[in-house]
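Residue-level listing of the chains:
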Amino acid sequence: MQTYAIVGKNVPRNDAEAKARGAALYTDDLKLPGMLVGRILRSPVAHARIKHIDVSKALALPGVKCVITGEDTPKVKYGNWRLFPDTQDEYPLAVDKVRFIGDEVAAVAALDADAAAEALDLIEVEYEELPGLFDTGAATQEGAPVIHEYCPNNISVNRKIQYGDIDKGFSESDYIREDTFHVHAVSHAYLEPCSSLAQVDLDGRITLWTSTQTPYIVQCLLASTLGMRENDVRVIKPFVGGGFGGKMELRPFEFCAAFLAKKTGRPVKFTLNREEEFLTGRRRHAMTLHSKVGFKKDGTLMAKDLKIRLDGGAYNAMGPTATFLCGNFGAMLYRYPNYRFLGEHVYTNKPPASAMRGFGAPQSLYATEVQMNMAAEELGIDPVEIRLKNAQVTGDKIPDVATISSCAFKESIQKVAEMSDWKNKRKNLKPGQGIGIGCYSFISGGVFNWFNTQFPFSAAEIRAYADGTVHYLTMASDIGQGSDTVLKQILAEELGLRMEDIRITSADTAMTPQADLGSWGSRVTLMAGNAILDAAKKLKAQLFGAVSARFNLNVIYELECKDGRVQAKGRPEKGVSFGEAVAMVQKANRGEQVVVRGAYTPRDKGLVTPAFSFGAQVAEVEVDQETGVASVKQMWTAHDCGTVINPKSVEGQLNGSIQMGLGYALSEQFVMKDGQTLTTNFLDYKMPSALDMPPSKVVHIDSYEPEGPMGAKEAGEGLVSPTAPAIAHAVHDATGYWCKDLPITPEKILDGMKQNKK
Amino acid sequence: MRLPKFDYVAPKTLDEALKALTAGGEGCRLLAGGTDLMVKMGHGLTAASLLVAIKGIEGLHGIRFDPSKGLSIGAATLIAEVAEHPDVLKYYPAVAQAARKTANTQIRNMATLAGNLCNAAPSADNAPVLLARGAEVEVVSQKGTRQLSLDDFFNGPGQTELARDEILTQILVPPAAKASGASYQWISPRGKVDISAVCVGVNLRLDGDVLKDVRIALGAVAPTPMRATEAEALMEGAKWSEALAEQVSAKASEESRPITDVRASAEYRRRMVSVLTRRALEEAHARAVENWGV
Amino acid sequence: MKHQIRLNVNGDDYELLVDPWRTLNEVLREDLNLTGTKLGCGVGDCGACTVLVDGKSVSSCITLAVAVDGKKIETVEGLAASGEKLHPIQESFIEKGAIQCGFCTAGMEMSALYLLRKNPSPTEEEIREGLSGHLCRCTGYNQIVEAIADAADRMKTDRGKGVKP
């Protein structure tokens, strides 16, 4: 194994001190002279035609500077799937129709928050209500009302994956089971409510500071919805208080801030409140998964037939990607010789679902893993053994979809069984106690160019200085996951510099090189990391050339950047400091600044991702058999994320995943009635607290991803998937109840126990 | 959430507060910790044109304990102070437990026990134990002072016996009888800190081997915190047995009138009343046995 | 009618004219430009807005500014008293990986300060209880719990050196 100076070390985050001091500025912390406060009026009805809007009273209110409705705007539809314009189904402000409770109808800009709030009450909207569709069954019934005119059956996307001979696979199976699972919608619940601040420059261009994961996507879609050129819009990402997939699209308040700034000539800031976030914010797709699997008696998998319906809510958002990824993840973890997938994305009159940590994997793998545990029980095979028997390994292919370039899945399963003392624990549990296993695989960024970017997927610029420092510019977006730190670690390692030698500017679309698709799908470490390495290679070529000339080195000598020096390998005296080497290159170029560019775009990597990560998790649970309350006592995780760049960061991501997975499994849900979200605060939307978090032990399996920077791949996002099935398995072990309908509430456990007794 | 506009006064004495309250008329509301009121006003659920803050009134602060008269808790006393007070911890462990379990640290540092009662949420954490312990409240207006049993205090969600010009000034809890015990039990679908989906307070006394003064109070299972009087009657004068505790708990469950809401279904709440009542009876009984010799 | 109030924030005296319906959170962030204190939910559930008022941790989002007239307020900006040197709680948060997106951090640190002043040697359970009024979506809390235990040790050492925590 290669040893590194900085990669693999617990380097503190470069933004930690600013955050610890309260000095890190998030969008809502920003203030500009003359700034106005914006607010959005939202639809109180789930499905209606807008007959008439009267803003005159709101406009007459002292302090109100501007009120806009859809009619005032250029009426350009947007959506992240730019490659297929048909899928772009959303207007920044409603035109003619509203499609969910919370849909944006009008916006105001006022001198202060009080006036803005009062103005909303004065806008009069006349609706002609239409029947609402609140589940995928109702939405797909013959003759159901149409939510979008272009889509008469309300099924906006369908994706298929098929390989092998599914009928033959089942006919050769000894044991076949079919189950239907329902998984529910949950909230990203990032702590920072969304916020945007827009300013019009002196020459009419827009600058937008916004809480986003994807500055580039916001730049392009904001430009198109405003009818401006992309380069006339600058998007800057200040510090962001978490995203988890919920901040990766253009959002109406971003458009409204920019549009109102243009109309009023003054900066305008919108900040959502938590109620708006819960009421209207994006969410993880609720799905119905119908899964049929066939095994040989000895546990060998023969076939899988997976049909999924996604409850997409009122707009496509990232639903098309989630639909496809469900099918991809349905084929992951195990070798299915015959596989068929059909995924349908259905419109309903509910807040749109979109990308959320795991991006289709938590739903798809819940079905996979619970079913695997059910099958193991019925076949009388240990759940660990049946997994080892079928586990994917390096080099496995999903025909026409993906090739797995590195995979330490089996090692992860073995390790987690050892760490948790699986065999003994299973035998020696008391009544009410249970232990369960769940596994995951995840992607390291996507390869499919649905956004239709004309730029590389990620780019890097390095400016090198004679004082021994470099300035690294990237559009990659640190939203709290720590990517700025990890990317600096990779660069420092490659150039033999210290962390403090690197200045970083990130996520400013006018200043950093075009482009980077943003922080989602666990793409940043691999893609932005590869872009830096590409740039660093070009810089090193120049530095090596200068040092080689200076010391008249034999052409066969290898050179290196190490410990702040550029030198012949093994002959450190034949070298100079990094700064001196930069000065030499600069001199040779007659003073021109030393600047290099690098880029990365995955090519010839199938349809999904350049690299997959894997892992296994065990949960120990105790169930109060009278109240049905399940508490998780301990979690063990072993995972393969390739080279670990920053162990503390990876562990932090892992614990965060467990918190989210715990909530998904046991307590978090949107309670809804007729399209109305009833759980609009953190008292009712039950996110686990510090008291609910179990202790967690983790082992990173030593592996190396050939496509990843220094062997790294995804870490942290995929780990949100195994927690719910592991807990469901442990609850079954403790009570006999199999949960096929998340979340696993105390009530369901009690009912399940009662039925088992019958 | 954004607060609507209102006026604010912070009197220094009870007299000034009563005057302001009377003068303020219909739109006037008392403000103690504000942890419920601010949220309700922010959501437009409660309207107020004038808030009269009572935390600045010195005479409403403090916890006093007298072994013969019992406990008095001033209306401006924080829930955190109740949870940590040595006399409450020693002589009223179930009261302290309910206080400690209320919401979270910051809320307990702002909210008052009196406010928790006056807000009259069906799920008020502190109500069941205080009901079980036979608490009374002292209520003052410009016309005079009256004392009423907490049993008669709650009228409905957010509704109490307090007249518009009255201020609840203190909560009075009688001293524990010899060989008595109380218990507080709760459950909510997440963790240990939450709004209770169901909570139960129980108090009982052992007279020889006979159970006396049995009081069972339930939270979050009816429009107000409620007594399960039929269940109490089943146990009153009977001898302790596990079977009896089961039977009494089942009766309490029958008496409860829960609804289904975002926190739990009516059916689950009813089942939990039974489980928690039994657990509370067991703990209260064990404490009573322990206190036998005291 | 606006009210004249006096606040002592992190040792600095301010005299302000405020509408009675404005919260302490708004006054800190908007009038005093102390934006280190965040607003996460606005209804006292998430803890991101936690500050100390006369030494007690409270949710500044549901505290009226007029109701804390004359009181001593401590916010995250006051933690590093001298400016440059960090408070032990801040050092521990940084070192133990307790900070990811950072939006909950200021509130968490203030609750840690409240806890450790009351209880200089808390157990793990007491630390978790002390964080019961806080939500975090990034860290899963465990590294925050570790950081507070570590800060308790550092503060004891500092106290030995006569440094005021």
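For clarity, every value in this text was computed on a predicted model and none was experimentally measured.

A. Seen up close, the overall build of chain A. Within chain A, the secondary structure is distributed over 19 helices and 32 strands. The C-alpha atoms of chain A give 27 Å as radius of gyration, which agrees with the globular expectation for 758 residues (27 Å, within 12%). Counting all 758 residues of chain A, 66% fall into the buried class. Contacts in chain A between residues at least 24 apart in sequence constitute 80% of all its contacts with a sequence separation of at least 6. Summed over its atoms, the accessible surface of chain A is roughly 25500 Å², and 48% of this surface lies on carbon and sulfur atoms. If the 84 positive side-chain charges of chain A are averaged to one point and the 91 negative ones to another, these points end up 4 Å apart.

B. Region of interest: the pairing of strand β5 (residues 104-110) of chain A. Residues and elements named next belong to chain A. Extensive coverage of β5 is indicated by the burial of 7 of its 7 residues. Taken together, the 5 bridges between strand β3 (residues 64-69) and β5 define a ladder with antiparallel strand orientation. If you follow Val67 over to β5, its bridge partner there is Val108.

C. Focus on helix α9 (residues 319-330) of chain A. Residues and elements named next belong to chain A. The end-to-end C-alpha separation of α9 is 16 Å, in line with the 16 Å expected for 12 residues at 1.5 Å each. Here α9 lies mainly inside the structure; 12 of its 12 residues are buried. Within α9 the residues assigned to the buried category are Gly319, Pro320, Thr321, Ala322, Thr323, Phe324, Leu325, Cys326, Gly327, Asn328, Phe329 and Gly330.

D. Seen up close, a nonpolar patch on the surface. All names here are of chain A. Together, Leu83, Phe84 and Phe448 make up an exposed nonpolar region whose accessible area comes to about 240 Å². Its location among the elements puts Phe448 in the loop between β20 (433-443) and β21 (458-464). The exposure class of Phe448 is partly exposed, given its relative accessible area of 31%.

E. Quick peek at the interface of chain C and chain A. The interface of chain C with chain A comprises 48 residues on the first partner and 53 residues on the second. Carbon and sulfur atoms make up 55% of the area that chain C and chain A hide from each other, which totals about 3700 Å². Here chain C is connected to chain A by 4 salt bridges. Here Asp29 of chain A ties to Lys38 of chain C by a salt bridge, and the two come within 2.4 Å at their closest N and O atoms. Counting the contacts that link chain C with chain A gives 26 residue pairs in polar contact (both at pLDDT 80 or more). Contributing elements (two or more residues each) for the side of chain C that touches chain A: α1 (24-31), α2 (88-95), α3 (105-118), α4 (124-130) and α5 (142-160) of chain C. Among the residues forming the side of chain C that touches chain A, the class breakdown is 19 nonpolar, 15 polar and 14 charged.

F. Up close: the sheet that holds strand β26 (residues 571-577) of chain A. Residues and elements named next belong to chain A. If you trace the 3 strands from one edge of the open sheet to the other, you get β24-β25-β26, paired in antiparallel fashion. The strands lining the two open edges of the sheet, one partner per strand, are β24 (559-562) and β26. Averaged over all pairs of adjacent strands, the angle between their axes in this sheet comes to 30 degrees, without regard to strand direction. Two elements, β24 and strand β25 (residues 565-568), share 4 bridges in a ladder whose sense is antiparallel. Its bridge partner lying in β25, Glu560 is registered against Gln567. Together, β24, β25 and β26 form the strand contacts of helix α15 (residues 524-550), whose direction differs from that of β24 by roughly 115 degrees.

G. Here's a closer look at the packing of aromatic side chains. Residues and elements named next belong to chain A. In this structure the tally under the stated criterion is 26 aromatic pairs over all chains. Both rings, one in Tyr336 and one in Tyr339, keep their centres 6.1 Å apart while their planes meet at 40 degrees; by these two values the pair is tilted. Aromatic rings pair up to connect Phe278, Phe670, Phe682 and Tyr685 into one cluster. In this structure, Lys292 is placed above the aromatic ring of Phe170, and the distance from its NZ or CZ to the ring centre is 4.3 Å.

H. Spotlight on the domain arrangement of chain C. Residue and element names in this part refer to chain C. Domain boundaries in chain C define domain 1 (3-78) and domain 2 (88-159). Here the C-alpha centroids of domain 1 and domain 2 sit 21 Å apart. Contacts between domain 1 and domain 2 engage 16 residues on the former and 13 residues on the latter. Taken over both partners, the interface formed by domain 1 and domain 2 buries close to 1200 Å², and the fraction arising from carbon and sulfur atoms is 61%. If you sort the residues of domain 1 by the area they bury against domain 2, Thr50, Leu52 and Val76 come out on top, with a joint share of 34%. For the interface between domain 1 and domain 2, the tally reads 1 salt bridge.

I. Local environment of the interface of chain A and chain B. With 28 residues of chain A in contact, the opposing surface of chain B contributes 21 residues. Regarding the contact of chain A and chain B, the summed buried area is about 2200 Å², with carbon and sulfur atoms giving 52% of it. Broken down residue by residue, the surface that chain A buries against chain B is led by Glu626, Lys686 and Glu747 of chain A, which jointly contribute 25%. In this structure, the connection of chain A to chain B is made through 7 salt bridges.

J. Structural context of the packing of helix α6 (residues 215-226) of chain A against helix α7 (residues 252-264) of chain A. Residue and element names in this part refer to chain A. Across the interface, α6 lies against α7 with an axial gap of 10 Å and an inter-helix angle of 50 degrees. Comparing their axes, α7 and α6 come out oblique. The crossing of α6 and α7 is right-handed. Residue-level inspection shows Val218, Leu222, Thr225 and Leu226 of α6 in contact with α7, the latter providing Glu254, Phe255, Ala258, Phe259 and Lys262.

K. Molecular detail of the pattern of salt bridges. All chains considered together, the criterion is met by 83 salt bridges over all chains. Taking the shortest distance from any N to any O, the salt bridge between Lys19 of chain A and Asp15 of chain A comes out at 2.9 Å. Residue classification places Lys19 of chain A among the buried positions, given a relative accessible area of 3%. A salt bridge links Arg6 of chain C to Glu15 of chain C, with the shortest nitrogen-to-oxygen separation between them at 2.9 Å. When sorted by exposure, Arg6 of chain C lands in the same class as Glu15 of chain C, which is exposed. Among the charged side chains, a salt-bridge network with shared partners connects Asp624 and Glu626 of chain A together with Glu246, Arg278, Arg279 and Glu282 of chain B.

L. Representation of the environment of Gln676 of chain A in the model. Residues and elements named next belong to chain A. Relative to the elements of secondary structure, Gln676 occurs in strand β31 (residues 676-677). For the pair Gln676 and Pro44, spaced 632 residues apart in sequence, the C-alpha separation works out to 8.7 Å. In contact with Gln676, not counting residues within four places along its chain, are Ile101, Leu279 and Val671.

M. Summary view of helix α10 (residues 361-379) of chain A. All names here are of chain A. With 19 residues, α10 should reach 27 Å at 1.5 Å per residue; the first-to-last C-alpha distance of 26 Å fits that figure. Within α10, 17 of the 19 residues are buried, which leaves it mostly tucked inside the rest of the structure. Backbone geometry just after α10 places Gly380 at a positive phi near 70 degrees.

N. Geometry of the sheet that holds strand β3 (residues 50-53) of chain B. Residues and elements named next belong to chain B. In space, the 3 strands of this open sheet follow the order β1-β3-β2, with parallel pairing throughout. Two strands lie at the open edges of the sheet, namely β1 (7-9) and β2 (28-31), each paired on one side alone. The mean angle between the axes of side-by-side strands here comes to 25 degrees, regardless of whether they run parallel or antiparallel. Sheet analysis places β1 next to β3, joined by 3 bridges and oriented parallel. Residue pairing in the sheet places Asp7 in a bridge with Leu50 of β3.

O. Region of interest: the nonpolar core. By size, the foremost hydrophobic cluster in this structure holds 369 residues, and its most contacted members are Tyr366, Ile727 and Ile744 of chain A together with Leu51 and Ile171 of chain B. Ranked by the residues each element gives to this core, the list is headed by α15 of chain A, at 14 residues. Contacts of Ile727 of chain A, omitting those with residues within four sequence positions, involve Ala619, Val621, Val632, Leu662, Ala665, Leu666 and Ile744 of chain A. Within the second largest apolar cluster, 20 residues are counted, among which are Ala58, Leu61, Val98 and Ala110 of chain A.

P. Looking closely at the domain arrangement of chain A. Residue and element names in this part refer to chain A. One can read the domain layout of chain A as domain 1 (16-22 + 457-600), domain 2 (31-130 + 191-242 + 247-280) and domain 3 (283-448 + 606-757). In this structure, domain 1 and domain 2 have C-alpha centres spaced 39 Å apart. Each side of the interface is counted separately: domain 1 has 18 residues, and domain 2 has 17 residues. For the pair domain 1 and domain 2, the summed buried surface comes to about 1300 Å²; carbon and sulfur atoms form 60% of the total. Between the two partners, domain 1 and domain 2, sit 1 salt bridge. Note that Arg234 is salt-bridged to Asp508, the shortest N-O span being 2.6 Å. Our count for the domain 1 to domain 2 interface comes out at 6 residue pairs in polar contact (both at pLDDT 80 or more).

Parameters at a glance
Residues numbered from 1 in each chain as written. Chains lettered and ligands numbered in written order. Predicted model: local features only at pLDDT ≥ 70, side-chain atom pairs only at ≥ 80, totals over all residues. Heavy atoms only, no water. Helix = DSSP H or I, 4+ residues; strand = E, 2+ residues; numbered from the N terminus. Rg over C-alpha atoms; globule rule 2.2 N^0.38 Å. Buried < 20%, exposed > 50% of the residue type's maximum accessible area, 1.4 Å probe, protein only. Contact = heavy atoms within 4.5 Å. Areas by Shrake-Rupley, 256 points an atom, 1.4 Å probe, with all protein chains shown as cover. Lys, Arg positive; Asp, Glu negative; His and termini not counted. Charge placed at Lys NZ, Arg CZ, Asp CG, Glu CD. Pairing = 2+ DSSP bridges. Expected span 1.5 Å × (residues − 1). Patch = residues over 30% accessible without salt bridge, like charges linked within 9 Å, V, L, I, M, F, W, Y side chains within 5 Å. Salt bridge = Lys/Arg side-chain N within 4 Å of Asp/Glu carboxyl O. Buried area = accessible area lost by both parts, 1.4 Å probe. Polar contact = N/O pair within 3.5 Å; in protein donor to acceptor, adjacent residues only side chain to side chain. Nonpolar A, V, L, I, M, F, W, Y, C, P; charged D, E, K, R; others polar. Axes fitted to C-alpha atoms, helices over the stretch in contact; angles between N-to-C directions. Phe/Tyr/Trp six-rings, centres within 6.5 Å; stacked < 30°, edge-to-face > 60°. Lys NZ or Arg CZ within 6 Å of the ring centre and 35° of its normal. Domains from an automatic or database assignment. Parallel < 35°, antiparallel > 145°, perpendicular 65-115°, else oblique. Left-handed = near helix turned anticlockwise from the far one by under 90°. Core = buried A, V, L, I, M, F, W, Y, C linked by side-chain atoms within 4.5 Å.

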